[in-house]
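Breakdown of the fold
So you can see what is in the structure, the chains are spelled out below.
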There are 10 protein chains.
Amino acid sequence: MNDKKNILEIFPNPKKGRDYLITHIAPEFTSVCPKTGQPDFATISVEYIPDSFCVELKSLKFYYNAYRNDGIYFEGVTNKILDDLVAVCKPKYMRVTADFNVRGGITSVIEAEYKKSNKKK
Amino acid sequence: MNDKKNILEIFPNPKKGRDYLITHIAPEFTSVCPKTGQPDFATISVEYIPDSFCVELKSLKFYYNAYRNDGIYFEGVTNKILDDLVAVCKPKYMRVTADFNVRGGITSVIEAEYKKSNKKK
Amino acid sequence: MNDKKNILEIFPNPKKGRDYLITHIAPEFTSVCPKTGQPDFATISVEYIPDSFCVELKSLKFYYNAYRNDGIYFEGVTNKILDDLVAVCKPKYMRVTADFNVRGGITSVIEAEYKKSNKKK
Amino acid sequence: MNDKKNILEIFPNPKKGRDYLITHIAPEFTSVCPKTGQPDFATISVEYIPDSFCVELKSLKFYYNAYRNDGIYFEGVTNKILDDLVAVCKPKYMRVTADFNVRGGITSVIEAEYKKSNKKK
Amino acid sequence: MNDKKNILEIFPNPKKGRDYLITHIAPEFTSVCPKTGQPDFATISVEYIPDSFCVELKSLKFYYNAYRNDGIYFEGVTNKILDDLVAVCKPKYMRVTADFNVRGGITSVIEAEYKKSNKKK
Amino acid sequence: MNDKKNILEIFPNPKKGRDYLITHIAPEFTSVCPKTGQPDFATISVEYIPDSFCVELKSLKFYYNAYRNDGIYFEGVTNKILDDLVAVCKPKYMRVTADFNVRGGITSVIEAEYKKSNKKK
Amino acid sequence: MNDKKNILEIFPNPKKGRDYLITHIAPEFTSVCPKTGQPDFATISVEYIPDSFCVELKSLKFYYNAYRNDGIYFEGVTNKILDDLVAVCKPKYMRVTADFNVRGGITSVIEAEYKKSNKKK
Amino acid sequence: MNDKKNILEIFPNPKKGRDYLITHIAPEFTSVCPKTGQPDFATISVEYIPDSFCVELKSLKFYYNAYRNDGIYFEGVTNKILDDLVAVCKPKYMRVTADFNVRGGITSVIEAEYKKSNKKK
Amino acid sequence: MNDKKNILEIFPNPKKGRDYLITHIAPEFTSVCPKTGQPDFATISVEYIPDSFCVELKSLKFYYNAYRNDGIYFEGVTNKILDDLVAVCKPKYMRVTADFNVRGGITSVIEAEYKKSNKKK
Amino acid sequence: MNDKKNILEIFPNPKKGRDYLITHIAPEFTSVCPKTGQPDFATISVEYIPDSFCVELKSLKFYYNAYRNDGIYFEGVTNKILDDLVAVCKPKYMRVTADFNVRGGITSVIEAEYKKSNKKK
């Protein structure tokens with residue numbers, strides 16, 4: 001599961017001097033519950049302010065597809081997606097929100113955020 | 001009613017160093033009005049920033065189910081759920097929102113919040 | 001479970017000569033799964049054309065509440081509600097629709113109908 | 001309560017030769033429960049094919065307002081409105097639908113219809 | 001008000017041999033109440049099966065605009081629009097639906113239909 | 001009209017040490033226009049942080065019902081409800097929002113707020 | 001067009017000591033495009049904190065109706081309504097939002113605000 | 001792929017003498033495009049009138065899950081689900097509707113129906 | 001414009017013996033107004049019962065894209081799409097519905113249908 | 001592609017002394033993917049506080065239409081629209097939000113902002 005982030009591709013930010021917000025919303029994310037082996041479904045939203053690079057959209061889709069048969073918990077998958085995307089495209093700011101379908105009558109949302117530490121605003 | 005919180009189970013926070021938000025929304029909560037004996041229905045939302053532990057989802061469902069035949073007021077049940085969850089999973093922050101179905105033509109929402117006192121932000 | 005229908009009360013149809021349609025929609029029905037002991041939730045709709053009697057609304061609510069801790073399957077509860085209501089208020093026509101909340105990622109709706117056999121329209 | 005229908009005014013159908021449908025939807029109807037004295041609220045819809053007369057809209061509003069402090073049941077009020085409107089404007093066809101706000105967790109809809117008996121279509 | 005229909009323009013039906021349905025929905029119709037002088041607002045929908053001609057869309061807009069300062073009743077304006085459109089484009093079938101904004105707490109919808117009498121379907 | 005607030009009942013706040021928010025939304029408020037005698041309809045929302053007391057829900061419903069035949073303006077009724085509730089349950093904070101149904105094509109919302117003056121936050 | 005503001009009437013604020021918010025939403029505003037002569041349609045919302053006076057609702061409706069046949073641009077009409085209302089009722093705060101219907105595939109919203117200059121918050 | 005239907009389980013119809021309708025809606029169906037290997041997502045609805053047997057809900061969920069890594073076309077999967085369910089539970093009537101997520105800007109719905117040939121209604 | 005239908009591809013119906021319904025909804029259709037040269041936008045829905053062939057989805061997308069810079073009227077484009085699809089995939093039944101975005105304040109929908117003449121149902 | 005901004009026209013701000021917000025929302029933007037040649041669709045929203053000039057609405061529409069057959073990336077087109085509009089109408093503040101339709105199961109939103117540097121707030 002470790003080398004999944006190699007799927008992600010980047011391209012140079014077309015407007016490097018300006019802080020602007022990019023959002024990609026993927027409502028077709030699916031993985032597998034590590035306990036029961038049953039499928040989980042979620043909408044994954046990534047919001048970020050690029051620095052030198054942007055995430056290439058098609059590679060992001062393939063990256064998400066790679067979780068299809070992985071067993072991983074809600075809290076874990078959300079933090080891993082954030083870690084992988086930050087490692088690859090080194091944004092100024094990034095937030096990942098995972099909105100999971102109802103399980104046992106309960107809907108869950110996990111939301112994790114990254115801010116470049118040497119950012120002086 | 002006191003030992004209901006023993007139903008709740010926890011597991012170690014998979015990303016302890018990062019402040020992130022977990023939300024669980026349960027639209028099938030039901031208890032009983034202590035005055036009339038008639039059932040009440042609510043959607044209970046819990047939002048929290050974990051410290052060392054996360055609430056296990058299935059145990060949360062069983063915890064809610066344990067109120068099914070309890071007589072308890074709107075204001076009371078909301079504060080008790082917050083107290084129990086804070087006692088068990090010791091979060092950095094937690095908010096419980098209980099949105100009760102219409103009774104006598106009036107819809108009620110109760111919202112209570114906890115912040116770890118020694119939190120230095 | 002057999003004598004639950006005794007809870008139902010009726011009153012004389014205030015406009016007996018006219019065929020008209022009465023609908024009662026109850027979104028707070030809950031019973032228990034006979035296999036797992038976990039609660040089920042449904043919206044129960046009753047549509048009927050009264051003959052000599054109408055169902056009294058408050059007794060209908062108490063009748064539904066009486067299922068709260070009963071273990072009964074989706075297909076069974078829908079047909080039993082129809083049988084009980086037909087036995088008590090003897091309508092010209094009645095349809096019961098039970099719309100159950102998602103279980104295992106699947107939403108279920110059961111719909112059963114009764115028509116008075118000697119009805120000459 | 002008997003002379004309430006005298007409030008209703010009519011005017012000649014501007015297109016008598018053509019069968020066309022007029023609908024008036026009034027979401028602000030309120031009366032009083034004869035048992036408890038508590039207010040009931042409903043949306044009353046009237047659909048009709050006029051013959052020689054149309055219902056004057058302002059008088060219809062005053063007619064509805066006249067129920068404000070009357071104690072009357074759901075099934076009764078719906079049939080009375082239909083009877084009064086048929087008596088005053090003698091339509092070819094009329095349907096009255098009363099959609100009552102939730103009481104005791106149950107929403108009710110009553111729907112009654114009138115067809116001119118000597119109608120040859 | 002009589003010569004308003006001269007505003008309407010037509011063009012030849014591009015597929016004369018086939019019965020197909022054209023719908024134009026205009027949510028910005030406004031006229032004036034003949035009693036009070038206050039403005040009325042409606043959404044006018046025209047559905048028709050063309051015979052030899054179609055209504056030109058821009059002329060339909062100008063035709064509707066011509067009612068802007070006319071005093072005319074709900075039932076009257078609906079039937080007049082139907083009469084004018086039938087006279088000009090001689091369709092096989094046409095229905096006009098006028099959905100008027102709330103007045104005195106009551107919403108009104110008027111719906112009138114035309115069928116070519118010598119139509120053999 | 002002055003002694004209407006005597007209808008309101010209170011009960012001790014079950015969690016006095018914690019600041020939490022209670023909201024009661026009543027979509028069935030109705031009073032009468034003092035000029036025209038015609039009924040007005042509104043949704044009244046009360047949000048408050050209790051101090052020593054909570055408003056009892058059933059008494060709040062009866063309090064609202066007591067306006068049913070009172071002639072009172074939009075701006076006046078909103079401020080009076082806030083004054084009465086503050087006088088009776090002495091909250092730390094309270095906001096009343098009255099959302100009135102359309103009159104003359106215009107919807108109106110009145111929103112008034114109270115903050116305990118000796119509050120040290 | 002200059003003396004249109006004379007239509008507006010005011011009445012004394014019934015709760016002068018309290019800062020509270022009044023909102024009037026009018027979805028039936030219409031004026032005429034000064035270039036093309038074609039009608040424009042908008043929803044006009046006015047939010048304000050009254051000082052000594054409130055705007056009388058019926059006069060506000062007549063004031064809006066007075067634009068019906070005026071040729072005026074989106075940006076102009078919004079600022080003029082704000083100027084007129086501020087001149088007449090001298091509020092502590094006022095915001096006018098005009099939400100115009102789609103023209104040429106584009107929807108426009110204009111939002112202008114006034115704050116009493118000697119306000120010390 | 002052939003023996004997938006062995007996953008399906010049945011139980012005896014609890015009300016065999018009555019024709020009633022059962023609907024199961026599964027919004028989390030996913031399979032794989034046989035051409036591109038990319039995942040497809042659909043909502044599968046099954047409506048049926050049982051004869052001697054009903055489909056067991058949990059086995060239906062496992063049956064759907066079994067398509068997770070199968071390459072199969074929209075038109076094919078819909079007809080296969082219908083064939084399998086008819087073979088196993090031999091209903092009087094069954095309809096399968098598969099509503100597929102947008103692909104290349106186009107949403108697709110496939111709907112197939114089965115009626116018992118010797119049905120005498 | 002004539003040879004646009006050559007873009008369409010077909011494949012053999014995977015369940016030829018059964019009458020079932022296929023629907024493709026394309027919300028991103030755009031062409032150009034032949035009068036003004038301005039772009040038009042529509043949602044095109046195709047519903048059909050296949051006989052020996054199904055329309056290949058990707059080729060349908062390219063076929064729609066080919067209209068991007070064509071000048072063609074609402075009524076014309078709808079009938080041409082139906083004619084082309086019928087010519088290529090020879091279905092038992094087909095309906096094309098084109099729902100055009102608002103132009104001049106008016107939304108238009110065109111709906112055309114084809115039925116195989118020698119169909120014996 | 002460089003001289004596309006010459007299409008944009010401006011007119012003098014009718015209320016120069018006041019800071020107010022203008023929003024234009026265009027749901028019919030379309031361009032072409034530079035990689036695949038396939039069309040992209042977006043809703044473009046422009047919010048700005050004018051200084052001396054406003055953007056003329058019709059020219060904005062023609063400016064958007066000029067992208068119809070251009071190959072340009074999501075991130076690029078959003079920043080270019082902002083640059084062009086800032087260059088031409090020199091606003092105090094401007095924000096461009098581009099909400100792109102789903103591609104490969106992922107929806108994207110790009111949001112870029114401009115603030116006049118010598119603004120002293």
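Computed from a prediction, not measured in an experiment: that's the story for all the values here. Every chain begins its residue count from 1, and numbering advances along the sequence as written. For this description, chains carry letters from A and ligands carry numbers from 1, given in the order in which they are written. At least 70 in pLDDT is required for a residue's local features to be given in this predicted model, at least 80 for side-chain atom pairs to be given and counted, and no such filter applies to totals for whole chains, interfaces and linings, which use all residues.

Considering the overall build of chain A
The secondary structure listing takes helices from DSSP runs of H or I that are at least 4 residues long and strands from runs of E that are at least 2 residues long, numbered from the N terminus. Helix and strand counts for chain A stand at two helices and six strands. In sequence order, the secondary structure elements of chain A are arranged as β-β-β-β-α-α-β-β. Rg of the C-alpha trace for chain A: 15 Å, near the compact-globule value of 14 Å for 121 residues, within the 12% margin. This entry defines residue contacts through backbone-placed C-beta atoms, with two residues in contact when those atoms are within 7 Å. Partitioning the intrachain contacts of chain A with sequence separation of at least 6 by distance along the chain shows that 72% fall at a separation of at least 24. To get the radius of gyration, use the C-alpha atoms; to get the globule rule, take the number of residues to the power 0.38 and multiply by 2.2 Å.

Notes on the relation of the copies chain J and chain A
The atoms used to superpose the copies are C-alpha atoms, taken from residues with pLDDT of at least 70 in both, and the fit is least squares. The transformation that overlays chain J on chain A combines an axial shift of 0.0 Å with a rotation of 72 degrees, and the residual RMSD is 0.0 Å. Such values leave the two copies arranged in the relation of a five-fold axis.

Some details on unusual backbone geometry
Non-glycine residue lysine 90 of chain F carries a positive phi angle of around 45 degrees. Its place among the elements puts lysine 90 of chain F in the loop between α2 (74-89) and β5 (93-103).

As for the interface of chain J and chain A
If you look at the interface, chain J gives 15 residues, while chain A gives 16 residues. At the level of elements, α2 (74-89) and β6 (106-115) of chain J are the ones that each hand at least two residues to the side of chain J that touches chain A. For the side of chain J that touches chain A, the element with the most residues is β6 of chain J, which contributes eight residues. Gly counts as polar in this scheme, as do all residues outside two lists: the nonpolar Ala, Val, Leu, Ile, Met, Phe, Trp, Tyr, Cys and Pro, and the charged Asp, Glu, Lys and Arg. A breakdown of the residues in the side of chain J that touches chain A according to their chemical character gives five nonpolar, six polar and four charged. Here, strands pair whenever DSSP counts at least two bridges between them. Where strand β2 (residues 21-32) of chain A lies against β6 of chain J, five bridges are found, and the strand directions are antiparallel. By the bridge assignment for β6 of chain J, isoleucine 22 of chain A is matched with isoleucine 110 of chain J.

Side note on the confidence of the model for chain A
All names here are of chain A. On a range of 0 to 100, pLDDT expresses the predictor's confidence in each residue. Confidence in the prediction for chain A averages 93 pLDDT; 95% of positions are at 70 or higher. Summarising per-element confidence for chain A, the mean pLDDT is lowest in strand β1 (residues 10-12) (95) and highest in strand β3 (residues 39-49) (97). Predicted complex metrics record ipTM = 0.89 and pTM = 0.91.

Comments concerning the pairing of strand β6 (residues 106-115) of chain B
Residue and element names in this part refer to chain B. Examined bridge by bridge, strand β5 (residues 93-103) and β6 share nine bridges and lie antiparallel to one another. Note on β6: the bridge partner recorded for arginine 95 is glutamate 113. Turn length for the β5-β6 hairpin, with the two strands adjacent in sequence and antiparallel, is two residues, and the turn residue glycine 104 shows positive phi of about 60 degrees.

Digging into the pairing of strand β3 (residues 39-49) of chain B
Residues and elements named next belong to chain B. Exposure is read from a count of other C-beta atoms within 10 Å of each residue's own; the residue is exposed at 12 or fewer, buried at 20 or more and partly exposed in between. C-beta atoms are placed from the backbone. Judged by which residues are buried, β3 turns out to be one-sided: Asp40, Ala42, Ile44, Val46 and Tyr48 face inward and are buried, whereas Pro39, Phe41, Thr43, Ser45, Glu47 and Ile49, on the alternate face, are not. Bridging between strand β2 (residues 21-32) and β3 involves nine bridges; their strand directions are antiparallel. Following the sheet pairing, phenylalanine 29 is matched in β3 by alanine 42. Relative to β5, β3 is paired through eight bridges, and the arrangement is antiparallel. Counted as the bridge partner of alanine 42 is phenylalanine 100 from β5.

Some details on helix α1 (residues 57-65) of chain H
Of the residues making up α1 of chain H, those classed as buried are Leu57, Leu60, Lys61, Tyr63, Tyr64 and Asn65 of chain H. Among the structural elements, β3 of chain A, β5 (93-103) and β6 (106-115) of chain C together with β2 (21-32), β3 (39-49) and β4 (53-55) of chain H are those in contact with the buried residues of α1 of chain H.

A few points about the environment of threonine 97 of chain A
Residues and elements named next belong to chain A. Along the chain, the position of threonine 97 falls in strand β5 (residues 93-103). Separated by 76 residues in the primary sequence, threonine 97 and leucine 21 place their C-alpha atoms 15 Å from one another. In this structure, threonine 97 is in contact with Ser45, Val109 and Glu111, ignoring residues within four places of it in sequence.

Some points on the environment of isoleucine 10 of chain J
All names here are of chain J. Note that isoleucine 10 resides in strand β1 (residues 10-12). In this structure the C-alpha to C-alpha distance between isoleucine 10 and glycine 104, which are 94 residues apart in sequence, comes to 38 Å. If we ignore the near neighbours within four places in the chain, the residues touching isoleucine 10 are Phe53, Cys54, Val55, Glu56, Val88 and Cys89.

Details of the environment of asparagine 79 of chain H
As for its position among the elements, asparagine 79 of chain H is in helix α2 (residues 74-89). You can call asparagine 79 of chain H buried: it has 20 C-beta atoms within 10 Å. Here asparagine 79 of chain H is in contact with Ala112 of chain H together with Pro14, Lys15, Arg18 and Tyr20 of chain I, once residues within four sequence places are set aside.

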